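Coordinate analysis (summary)
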Amino acid sequence: MFAVHLVVSFFSKLQEDPTKKVDRFMYAMHLHDDQLSDISARFQAEMKKGLSAESNAAAAVKMLPTHVHSTPDGSEKGHFLALDLGGSKFKVLQVKVREGTGVRRGGVEMEEKTYPIPEELLTGSGKELFDHVSESLKDFLHEKKISVEKKHPLALTFSFPCEQSALNQGLLLNWSKNFRARGVQGKDVVQALREAVNRTGGMDVEVLAMVNDTVATMMTCGFDDRYCEVGLIVGSGTNACYMEELHHIDLVEGDEGRMCVNTEWGAFGDDGALNDYITEFDREVDAASNNPGKQILEKMVSGMYLGELVRLVVLKMAKLGLLFEGQVSDALRTKGKITTAHVAAMEEYKHGLKNTRNILVDLDLSPTPDDCIAVQRVSTIVSFRSSNLVAAGLAAILTQIRQNRHLRTLRITVGVDGTVYKTHPRYANRLHKVVQRLIPECHVRFVLSDGGSSKGAALVTAVAQRLASQRRQVDETLSPLRLSGEQLLLVKKRMRGALEAGLKSKGPSAVKMLPSYVYQTPDGTEHGKYLALGLGGTNFRALLVDLKKGLLQNSRLNHKIYPTPVEIMQGSGEELFDHIAQCVGDFLDYMGMKSARLPAGFTFSFPCEQAGIDTGTLVSWTKRFKATDCEGHDVVGMLREAIKRRNEFDLDIVSVVNDTVGTMMSCACEDPQCEIGLIAGTGTNVCYMEELKNIEKIEQEKGQMEREGEEKQDDGAEREKKEEHAGIPKMCINTEWGGLGDDGFLDDIITHYDSEVDQNSLNPGKQRFEKLISGMYLGEVVRQVLLNLTRGGLLFRGQVTEALKTPGIFHTKYLSQIESDRLALLQVRSVLQQLGLDSTCDDSIIVKEVCGAVSHRAAQLCGAGLAAVVDKIRENRGLDHLDITVGVDGSLYKLHPHFSGVLQQTVKMLAPQCTVSFLPSEGGSGTGAALTAAVARKKLEK
Ligand code: BG6
Ligand code: GLC
Ligand code: GLC
């Protein structure tokens, strides 16, 4: 009796509290706080995986960079069209953003229209889907009487995972939710939209930015609350974004500042990370979905699936006889019959049970009151689990932000949108409470996005528009520095003309074409000890060369470098040569050779009018030199006198050569095809072997040399045409090509930045070509462009600082560093910092671009000049094809990361009939001077 009573009371108890059996049945969907903390920690680990370059490819949670760098600051303004695609409704909008001033925030006005998307378009072709989008847009313009004449900037909210490399581009990684139009995955969505707009025709829109709905929501809420740095959607789908530190985002260059990351957290669990929390109902929902195995978290959380989960649980319980006395209806068996709206209705405060009953009756069931209580409980457990999982995810994101900022407590706002969050009567409250419990150290405010995400998308677009207009202005500023192929060809042609003119004219010409009296490159038989002296850049060099059997590689080089102080470069000539003599004396002391009267070769890197190998009259100083009483005088003579004045040692100065000639000679030792010397350093210049008969200005030598040549030619009458030139008498010509344009011949490519640099130089109006190319001037051109951009407010916050006004701050070394591809932007900023330029991240991008434009032009111009030289040599020899080597030296060529590459490319393009090899000189032009001295000596000895 007692036992029977117990059993009866047990059953009546059960019937009294129908929620208990549900709780037992759905035990696996109950998540305790320690389980939530565990899930939260797993999610934080997944976020790290997604952010890191090594693990991103395999990561389930994609952590997509969005290229949104900041939340709204009130300066955004403009009128925008907006499309909101991917939520439960597709909308077209017009958004007007008014700029705010000071503490007054701006205002936003919106007009919108929802356009239904026919079911078949969701699964049809992508083209049809986007055509529908674009036709809806056109309809909207028409209905709202928005002008179709004008160009409209457009903001696109696209609520699917996209890989973006810029704001206005994004490859769809995969569809989610109920979309799966064909042929869009892996494609650029912005481009697809543009193409559809073109197909529709009759509108002029420019898609400036595409953002995920989470990002747009964060921005919408950020407009009114500057602490809003997280965006959350719990709607048809679920997802969150947040502001991450750039240096944590491996996939984006740059290490300072922040960028919004779209976590795509819906995919959490796709790699099995949630397997121990997944129930049979989740598996069933997944199996019956559009995308099995994908978006595992989303399927436990979001509106598209909540109703289904409830239906499957109720169905199973009914089948087991736990509900409706085992009655099951067809409707209950049908996918989609219980929706999220039903779930929300069942949980309503007052009418929840009544609603539940109506819903069940509509499903052709006959529920008892207890059945209704039980089903309401099922719904509660499903939606509770959803908000718990969202809370766990949010806790991970907020913890990440707090840790990033090394804070003990964090005050932050989360912008939220989505039908579940907005319409479910208890969802928001529960979510807030659990978040607070999981991370009590964070003070979290939740703000519901009002009017959807388009306001935020428009704000992003406003920033994009401002950047685009800045971009245009930067492009305009740089455009005169960008040369077309035709312009380069023209430069080549003019160089060719100038080379010819210089060879003829005895009087002054822009390109001087100075005979060097070097008749041949070394043949390898040169030997002996030589002193090589060099003056030209910023240093004076002394070098002892031992040409053991001419094998330079084996020669022992001993050298010393003496910086030339500016007051010496620009003092009196006597002081300059006394300084040189003093350096030579010091060097001989150092080598212990003061008493030996060594033969010496002198590399003098300035234009000299020569009448023989051992004399040279300085025509004019170039680069940084301006010592008085030197122009018009023999530099060898001046050096000899200084040595005499010093009266400590004696030298036999055998030769004086330009640095280009020295470079050619030293490289020719390694490669007999080397018949050109090129310098791209502080200055720029070229020398090459010219046929004597073409050098009209040195008549007397010619006669003698030509006779020698004829004899040689007779010997080799049978030789191939290619080799014939070996017998033809030649002389190395120092072109002094830096002077091209001194007669106004380059005025059409010279920009006002160049004119400014020229005017501020030591030799205004002179060396115009050199001033477009060489290291000493490139930094100055860069500085002029930066000044211009700063004055236009496009750089350095419009502040023209003292540093920026300082001539000469950009040495070649710095240009090379700034342009190095290996250097992250932060390092560019630190280089600028060293120069006293305080830059933002955006500034450093622009500075790098300016440097790039200037050095690219320099390399191209140098290439155009060289193309003229090689083609001339080819034509001299009557060849269809010429193989030739250029010996090169100079800091620009050797240190700059791109100069040599662009130079070579340009020569290839402009002189297609020549194969030009470049041989960087090893020992510098000094060894070349020694070789010249040796060659000259051999000739004397003969
Ligand atoms: C809307 C936003 O309010 O919410 C959309 O404007 C977003 O951009 C959507 O996708 C998400 O919620 P649901 O429930 O519509 O998917
Ligand atoms: C899906 C999409 C995601 C979107 C979310 C909310 O998870 O993949 O991009 O943000 O739904 O709409
Ligand atoms: C200047 C000089 C020239 C030299 C060049 C490279 O252009 O005038 O002689 O070769 O700089 O140093």
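Rules of the game
- Residues numbered from 1 in each chain as written.
- Chains lettered and ligands numbered in written order.
- Predicted model: local features only at pLDDT ≥ 70, side-chain atom pairs only at ≥ 80, totals over all residues.
- Heavy atoms only, no water.
- Helix = DSSP H or I, 4+ residues; strand = E, 2+ residues; numbered from the N terminus.
- Rg over C-alpha atoms; globule rule 2.2 N^0.38 Å.
- Buried < 20%, exposed > 50% of the residue type's maximum accessible area, 1.4 Å probe, protein only.
- Contact = heavy atoms within 4.5 Å.
- Polar contact = N/O pair within 3.5 Å; in protein donor to acceptor, adjacent residues only side chain to side chain.
- Near = heavy atom within 4 Å.
- Areas by Shrake-Rupley, 256 points an atom, 1.4 Å probe, with all protein chains shown as cover.
- Nonpolar A, V, L, I, M, F, W, Y, C, P; charged D, E, K, R; others polar.
- Core = buried A, V, L, I, M, F, W, Y, C linked by side-chain atoms within 4.5 Å.
- Axes fitted to C-alpha atoms, helices over the stretch in contact; angles between N-to-C directions.
- Parallel < 35°, antiparallel > 145°, perpendicular 65-115°, else oblique.
- Left-handed = near helix turned anticlockwise from the far one by under 90°.
- Salt bridge = Lys/Arg side-chain N within 4 Å of Asp/Glu carboxyl O.
- pLDDT = per-residue confidence, 0-100.
- Pairing = 2+ DSSP bridges.
- Phe/Tyr/Trp six-rings, centres within 6.5 Å; stacked < 30°, edge-to-face > 60°.
- Lys NZ or Arg CZ within 6 Å of the ring centre and 35° of its normal.
- Expected span 1.5 Å × (residues − 1).
- Disulfide = S-S within 2.5 Å.
- Arc of directions from axis to C-beta.

**Description of the overall build of the protein**
Within the protein one finds 34 helices and 26 strands. For the protein, whose C-alpha radius of gyration is 40 Å, the value lies well above the compact-globule estimate of 30 Å for 942 residues. Each principal axis of the C-alpha distribution contributes one length, and for the protein these read about 140 × 65 × 60 Å. Looking at the protein as a whole, 58% of its 942 residues qualify as buried. Restricting to contacts in the protein with at least 6 residues of sequence separation, those with at least 24 account for 72%.

**Digging into the side chain of Arg783**
Relative to the helices and strands, Arg783 resides in helix 27 (residues 775-791). A distance of 2.9 Å separates the side chain of Arg783 from the backbone oxygen of Leu804, its partner in a polar contact. Beyond its immediate chain neighbours, meaning those up to four positions away, Arg783 contacts Leu804, Lys805, Thr806, Pro807, Gly808, Ile809 and Phe810.

**Focus on the site of ligand 1**
The environment of ligand 1 is made up of 15 residues, and the closest members are Asp84, Ser88, Ser236, Asp417 and Thr419. In the model, an oxygen atom of ligand 1 is placed 2.7 Å from a nitrogen or oxygen of the Asp213 side chain. Between ligand 1 and Ser236 there is a distance of 2.5 Å, counted from an oxygen atom to a side-chain nitrogen or oxygen. Considering ligand 1 on its own, with 390 Å² of exposed area, one finds that the protein chains cover 94% of that surface. For the shell around ligand 1, the residue count by class is one nonpolar, ten polar and four charged.

**Digging into the nonpolar core**
In terms of nonpolar packing, the biggest core is built from 119 residues, with Ile676, Leu678, Phe810, Leu866, Phe899 and Phe918 touching the most fellow members. Looking at this core, the element that brings in the most residues is helix 31 (residues 841-876), giving 18 residues. Filtering out sequence-adjacent residues up to four positions away, Phe918 remains in contact with Leu678, Leu866, Val886, Val888, Tyr893, Leu903, Gln904 and Val907. Listed in part, the 87 residues of the second largest apolar core include Val313, Met346, Ile401 and Ala428.

**As for the environment of Asp748**
Relative to the elements of secondary structure, Asp748 occurs in the loop between strand 24 (730-734) and helix 25 (752-759). With a relative accessible area of 47%, Asp748 lands in the partly exposed category. Setting aside its immediate chain neighbours within four residues, Asp748 contacts Leu490 and Arg494. In terms of polar contacts, Asp748 uses its side chain to reach the side chain of Arg494, at 2.9 Å.

**Some remarks on the site of ligand 2**
Not every one of the 15 residues close to ligand 2 is listed here, only the nearest: Lys177, Asn212, Asp213, Glu264 and Glu298. Note that an oxygen atom of ligand 2 is positioned 3.3 Å from one of the backbone N or O atoms of Phe160. Calculation on ligand 2 without its partners gives an accessible area of 310 Å², and the protein chains cover 99% of this total. In terms of residue class, the shell around ligand 2 is built from three nonpolar, eight polar and four charged.

**Observations concerning the packing of helix 25 against helix 27**
The contact between helix 25 and helix 27 brings their axes to 9 Å, and the two run at 120°. It follows from the interaxial angle that helix 25 and helix 27 lie oblique. Considering the relative orientation of helix 25 and helix 27, their crossing is right-handed. Here helix 25 contributes His752, Tyr753, Asp754, Glu756 and Val757 to the contact with helix 27, which in turn contributes Tyr777, Glu780, Val781, Gln784, Val785 and Asn788.

**Things to note about the pattern of salt bridges**
Taken as a whole and assessed by the stated rule, the structure comprises 52 salt bridges. Measuring nitrogen to oxygen at the nearest pair gives 3.0 Å for the salt bridge that ties Glu245 to Arg258. On the criterion of sequence distance, the pair formed by Glu245 in strand 10 (residues 238-245) and Arg258 in strand 11 (residues 258-262) is long-range, its members being 13 residues apart. Its salt-bridge partner being Asp578, residue Arg645 comes within 2.9 Å of it at the nearest N-O pair. Taken together, the residues Arg645 in helix 21 (residues 635-646) and Asp578 in helix 20 (residues 573-591) connect sequence positions 67 residues apart.

**Overview of the confidence of the model for the protein**
As a note on interpretation, predicted positions should not be read in detail where pLDDT is low. Mean pLDDT over the protein: 91, with 93% of residues reaching 70 or higher. Every residue in residues 1-14 scores below 50 in pLDDT, and together they form two contacts with partners more than four places removed in sequence or on other chains. Segment residues 709-719 is flagged for pLDDT under 50; beyond a separation of four residues in sequence, or across chains, it makes seven contacts in the model.

**Description of the sheet that holds strand 26 (residues 914-920)**
Strand order in this open sheet of six strands is 14-24-23-22-25-26, and the pairing throughout is mixed. The strands lining the two open edges of the sheet, one partner per strand, are strand 14 (514-515) and strand 26. Bridge count between strand 23 (residues 684-691) and strand 24: five bridges; the pairing is antiparallel. Each bridged residue has a counterpart across the sheet, and for Tyr688 the counterpart in strand 24 is Ile733. Against the sheet, helix 33 (residues 899-910) makes contact with strand 22 (674-680) and strand 26, and its axis sits at roughly 160° relative to strand 26, the strand it touches most.

**Some remarks on the packing of aromatic side chains**
The relation between two aromatic rings is expressed through the spacing of the ring centres and the mutual angle of the planes. Following the criterion strictly, the structure yields 20 aromatic pairs and no others. Considering the side-chain rings of Phe43 and Trp265, the 5.8 Å spacing of their centres and the 75° angle between planes classify their relative orientation as edge-to-face. Here Trp265 lies in the loop between strand 11 and helix 8 (280-287) and Phe43 lies in helix 3 (residues 33-51), a separation of 222 residues in the sequence. Its relative accessible area of 1% is what places Trp265 among the buried residues. Between Lys560 and the ring centre of Tyr590, over which it is positioned, the NZ or CZ distance is 4.6 Å.

**Overview of the pairing of strand 20 (residues 615-618)**
On strand 20, burial follows the alternation: Gly616 and Leu618 on one face are buried, whereas Thr615 and Thr617 on the facing-out side are not. Two successive antiparallel strands, strand 19 (residues 608-612) and strand 20, enclose a turn made up of two residues.

**Brief notes about unusual backbone geometry**
One non-glycine residue with positive phi stands out, namely Gln295, at about 55°. Accessibility expressed as a relative area gives 4% for Gln295, which makes it buried. Positive phi values are uncommon outside glycine, yet Gln767 reaches one of about 55°. Relative to the helices and strands, Gln767 resides in the loop between helix 25 and helix 26 (768-773). Judged by its relative accessible area of 3%, Gln767 is buried.

**Focus on helix 18 (residues 485-504)**
With 20 residues, helix 18 ought to run about 28 Å at 1.5 Å a step, and its terminal C-alpha atoms sit 29 Å apart, in line with that. Every buried residue of helix 18 is listed here: Leu488, Val491, Lys492, Arg494, Met495, Ala498, Leu499, Gly502 and Leu503.

**Quick look at the environment of Leu309**
Relative to the helices and strands, Leu309 is located in helix 10 (residues 303-319). The exposure class of Leu309 is buried, given its relative accessible area of 0%. For the pair formed by Leu309 and Asp282, sequence separation is 27 residues and the distance between their alpha carbons is 7.0 Å. Sequence-distant contacts of Leu309, that is, excluding residues within four places in its chain, are made with Met29, Phe281, Asp282, Val285, Lys299, Met300, Val382 and Arg385.

**Digging into the packing of helix 3 against helix 14 (residues 369-404)**
Contact geometry for helix 3 and helix 14: axes closest at 8 Å, N-to-C directions at 55°. It follows that helix 3 is oblique to helix 14 by the angle criterion. Where helix 3 crosses over helix 14, the handedness of that crossing is right-handed. Each of Leu36, Ile39, Ser40, Phe43, Gln44, Met47, Lys48 and Leu51 in helix 3 lies in contact with helix 14, whose residues at this interface are Asn388, Leu389, Ala392, Gly393, Ala395, Ala396, Ile397, Thr399, Gln400 and Gln403. Here the residues of the contact of helix 3 with helix 14 are counted per class, giving ten nonpolar, seven polar and one charged.

**Here's the deal with the state of the cysteines**
Covalent bonding between the sulfur atoms of two cysteines defines a disulfide. Evaluated as defined, the whole model comprises zero disulfides. The structure places no disulfide on Cys221, whose sulfur is separated from the nearest cysteine sulfur, that of Cys228, by 5.0 Å.

**Digging into helix 13 (residues 352-362)**
Those residues of helix 13 that sit buried are Gly352, Asn355, Thr356, Ile359 and Leu360. All buried residues of helix 13 fall inside an arc of 130° around its axis, so they share one side. Summarising the contacts, the buried residues of helix 13 are in contact with helix 12 (340-346) and helix 14.

**Side note on the pairing of strand 19**
Bridge count for strand 19 against strand 20 is three bridges, and the pairing is antiparallel. Looking across to strand 20, one finds that Cys608 is bridged to Leu618.

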